[in-house]
There are 2 protein chains.
Amino acid sequence: MISLVELQESVDRGTLTTEAAVGQSLEAIRAHDKTIGAFVCHDENARAQGAGPLRGVAVGVKDIIDTADFPTEMGSQIYRGHRPRGDAPVVMALRQAGATIIGKTTTTAFAANDPTATLNPRNHAHTPGGSSSGSAAAVAAGMIPLALGTQTGGSVIRPASFCGVAAIKPSYRLLPTVGVKCFSWTLDTVGLFGAKVRDVARGLAAITNRPELAVPAGVAAPRIGVVTQGFAGAPDASGAAALQTAARAAKQAGSSVRELAMPEIVAEAWRIHPIVQEFEAHQSFAWEYRQNYDAMPPLLRGRLDESKGFTPFDYDAAIDVAARARQALGAVFDEVDVLLTLSAAGAAPKGLSSTGDPRYNRLWTLMGVPCVNVPAHIAEGGLPVGVTVIARFGGDAQALTAAGFIEDALKRP
Amino acid sequence: MISLVELQESVDRGTLTTEAAVGQSLEAIRAHDKTIGAFVCHDENARAQGAGPLRGVAVGVKDIIDTADFPTEMGSQIYRGHRPRGDAPVVMALRQAGATIIGKTTTTAFAANDPTATLNPRNHAHTPGGSSSGSAAAVAAGMIPLALGTQTGGSVIRPASFCGVAAIKPSYRLLPTVGVKCFSWTLDTVGLFGAKVRDVARGLAAITNRPELAVPAGVAAPRIGVVTQGFAGAPDASGAAALQTAARAAKQAGSSVRELAMPEIVAEAWRIHPIVQEFEAHQSFAWEYRQNYDAMPPLLRGRLDESKGFTPFDYDAAIDVAARARQALGAVFDEVDVLLTLSAAGAAPKGLSSTGDPRYNRLWTLMGVPCVNVPAHIAEGGLPVGVTVIARFGGDAQALTAAGFIEDALKRP
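Scope of this entry: the structure provided in the associated data block. Being a predicted model, the structure only gives us computed values, none of them experimental.

**Overview of the overall build of chain A**
Within chain A one finds 13 helices and 11 strands. Expressed as lengths along the three principal axes of its C-alpha atoms, the size of chain A is roughly 55 × 55 × 40 Å. Taken over 413 residues, chain A has a buried fraction of 64%. For chain A, the proportion of contacts with a sequence separation of at least 24, taken over those separated by at least 6, is 78%. Distance between charge centres in chain A, computed from 37 positive and 38 negative side chains, equals 2 Å.

**Notes on the relation of the copies chain B and chain A**
Put simply, the second copy of the chain is the first one after a rotation about an axis and a shift along it. When chain B is fitted onto chain A, the two copies agree to an RMSD of 0.0 Å after a turn of 180° and an axial shift of 0.0 Å. Here the symmetry operator amounts to a two-fold rotation axis. Looking at chain B, 100% of its interface residues are interface residues in chain A too, so the copies touch through the same face.

**Quick look at the packing of helix 7 (residues 237-252) of chain A against helix 13 (residues 396-411) of chain A**
All names here are of chain A. Running from N to C, helix 7 and helix 13 point in directions that differ by 90°, and their axes come no closer than 8 Å. The angle between helix 7 and helix 13 falls in the class roughly perpendicular. Of helix 13, the residues touching helix 7 (which contributes Thr 245, Ala 246, Ala 249 and Ala 250) are Phe 405, Ile 406, Ala 409 and Leu 410. When its residues are assigned to classes, the contact of helix 7 with helix 13 shows seven nonpolar, one polar and no charged.

**Brief notes about the environment of Arg258(B)**
Residue and element names in this part refer to chain B. Mapped onto the elements, Arg 258 comes out in strand 8 (residues 257-259). Take Arg 258: its relative accessible area is 40%, and that puts it in the partly exposed class. Those residues within four positions of Arg 258 in sequence are excluded, and the remaining contacts are Ile 224, Gly 225, Val 226, Glu 335 and Val 336. A polar contact is formed between the side chain of Arg 258 and the side chain of Glu 335, at a distance of 3.2 Å.

**Details of unusual backbone geometry**
The step from Gly130(A) to Ser131(A) runs through a cis peptide bond, and the omega angle for that step is 5°. Positioned with a positive phi, Phe110(B) is a non-glycine residue whose angle comes to about 55°. Residue Phe110(B) is classed as buried on the basis of its relative accessible area, which comes to 2%. Positive phi values are uncommon outside glycine, yet Ala111(B) reaches one of about 60°. If you trace the backbone, Ala111(B) turns up in the loop between strand 3 (100-105) and helix 4 (133-140).

**Remarks on the sheet that holds strand 7 (residues 224-226) of chain B**
All names here are of chain B. Read from one edge to the other, the open sheet built from 11 strands follows the order 1-3-2-4-6-5-10-11-9-7-8, with strand pairing classed as mixed. Whereas interior strands pair on both sides, the edge strands pair on one side only; in this sheet they are strand 1 (39-42) and strand 8. Ignoring which end each strand starts from, the neighbouring axes of this sheet average 30° apart. With eight bridges connecting them, strand 10 (residues 371-379) and strand 11 (residues 383-390) associate as antiparallel partners. Of the residues in strand 11, the one forming a bridge with Cys 371 is Ile 390. Taken strand by strand, helix 6 (residues 197-208) contacts strand 4 (146-151), strand 5 (166-169), strand 6 (189-194) and strand 10, and its axis lies near 135° from that of strand 6.

Scoring rules and cut-offs
- Counting restarts for each chain: residues are numbered from 1 in the order of the written sequence.
- Each chain gets a letter, beginning with A, and each ligand a number, beginning with 1, in the order they are written.
- Where local features are concerned, this predicted model is filtered to residues with pLDDT of at least 70; where side-chain atom pairs are given and counted, the filter is 80 or more; whole-chain, interface and lining totals use all residues.
- Note: side-chain values were computed over all heavy atoms of the structure, leaving out hydrogens and water.
- Think of it this way: any DSSP run of H or I at least four residues long counts as a helix, any run of E at least two long counts as a strand, and we number them from the N terminus.
- The classification of residues rests on relative accessible area computed with a 1.4 Å probe and restricted to protein chains. Under 20% of the type maximum is buried, over 50% is exposed, and intermediate values are partly exposed.
- Only heavy atoms enter the contact rule, under which two residues are in contact if any of them lie within 4.5 Å.
- By the counting scheme adopted, Arg and Lys are positive, Glu and Asp are negative, and His together with the chain ends is not counted.
- To locate a charge, take atom NZ for lysine, CZ for arginine, CG for aspartate or CD for glutamate.
- Copy-to-copy alignment: least squares on C-alpha atoms, limited to residues at pLDDT 70 or above in both.
- To define axes, lines are fitted to C-alpha atoms, for helices over the stretch in contact only, and angles between the resulting N-to-C directions are given on a 0 to 180 degree scale.
- In what follows, roughly perpendicular refers to angles from 65 to 115 degrees, roughly parallel to angles under 35, roughly antiparallel to angles over 145, and oblique to any angle outside these ranges.
- Each residue is assigned to one class: nonpolar for Ala, Val, Leu, Ile, Met, Phe, Trp, Tyr, Cys and Pro, charged for Asp, Glu, Lys and Arg, and polar for all the others, Gly among them.
- Polar contacts, as counted here, are pairs of nitrogen or oxygen atoms within 3.5 Å of one another; within protein the pair requires one atom able to donate a hydrogen and one able to accept it, and residues that are adjacent in sequence qualify only if both atoms are side-chain atoms.
- Whether two strands pair depends on DSSP finding at least two bridges between them.

Structure (structure tokens):
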């Protein structure tokens, strides 16, 4: 994989030109993407910018995010050839930081469930996860050092876990979702993929102009609360192994680690996530669903067919649960610095018919809290399994710092 | 003006066909819009739908809201000829409720300050206000019974006040802003214009599928807190007269009415509104501002030039003030049912060079609370002046009900 931090250091030292940095990504795309299928389109003539912290950094942008220079097709024939007039704010933020938008990455149709043909670079017989399939796979395959994805249920953290890369789903609205195809305005969150935790931290710091997000070296051991999310069912053996391995490594590196039960209202928030998501999706996709029913991606259409019955009353009650759960979760962080939980039930499922299950991710998306995936275990078939490090709302720097600590701890023999 | 409630009753009784209802709007547009200039474009062949609570209701949609059947030009040459692929969710909600989208109404460029050529139907020498200029003017001129606008500072309530129509800026996110050109995601709110309070209430009830929003007849007198917003400066004589007249009428109709001071943190929220607005605007308009600087509307461009200095630190502090102010404001509503305040400093300014000042509106947009404009006073030159009725967050039905009560009270001799 291409480390953003190492690339920056080489560029700063003058041992790598920015053009060569972008060039290595173009070469890697030519070498691997015919097999992996992470890109919908890319620019063979992409050029580096001369300034900015992300100069020389080639970035892949999930194809539900507006770009003026590339079509934005949302993974759906309904948007075939669609060209937004302008770039989404988050794309402009990348450009302003000096990055090169090298292409658009595959997305499940409208960032829902209908899979893409993208392969998992760690094992081609498995899904890379979704909905940000191409962004996770492109970073994992060593094509690019940074990619943008989005998460409504678990669409950043889950593919990162399946592909063995670092990723952050930041606090709600740290990155603007303007110009990003909406699924659910209460949930949709733009996130970043990179090789390691420090790579995504540097990327996020650069595009938000918040230097405090870059993970410092040599930090104090965080107090960790392990959350097994029993309300979401039991994980696979590989998911449980990843969580146990990460918790043990952190403890050996000096962290206090204890299992934490979530307040009942938080478990209730896990249960009502689908009400918020689907009630808003019926509005967000009203034009597609009502005017283009036959062309709708079948799995998403089926979900909308099944969720027609939610009323404004159901929705208001769900929003109220979410608000109370956010408050209760805030109090949990008085006792620990971060939570540590599963990024997925286990390793990536076989085949491409499913992108996996977001049941261990969706609660945290609804809570709006920052989540960082750290690869923690390799299951049978060379398939990675990650864990999620979670800080309180707005504590993106804490989540990244603790995730970096755990990543380092996992490297120890 | 065309009353939505009366139109619905005539259609229900069978004394007005839905086609004739839409036809009267087309006729009124032909008769008046050459002078008023409320529409960017409209459909001379618009047809009524056969079913739904808004069948026969011709609606004007502010031209920053996506429509597939009409261009969406944002009041700016940068979007000349722009055609979104789909309808915004709020437009789809209108269609699903049976309404006819008859055309797009004028907007100041990107819903900021650069005025349109639209005239105030009450006095052609004056501005109709902005940014939802065309929507307010089209309803005031009797062209249509319902129109959509948006508010980030005071862009729904102020033009409603200047044009002498009822309007609601609902609770934050009661109506989705998906497919609406973003200015500030923390502030942008879609609102409705109608002839009277009950007209906008019926419209809002229909498009949200929330029948409880339709204002009942014969309600109990609300407990009213009058807020003069001293932190925003002193109003003109006509603004003060409107507030006094409305307060007196409500008291005579049985309301308890007392002046209320706002907690200091709420006044502080008034002060930091521009930080939230401009910091987000720099991101929302990044593509327009950086890639199309010369074509940017000059007043908005000047605002962005001047507000470049806000940092993420300033923004985070402002967001924190807003959160604490929302909490403090919630407690105010333990003592009163609604607040009554100014909709504008006074009557519409002369000329078309300014759309007026949102200083009495912006706090409530930031607080996310429902605001209803009620015409309360006629100033020199036949210019209307309104007042704003405000309920707690989520209390849209209470705001509308109390506004209906005050509207009735103002009719008494």
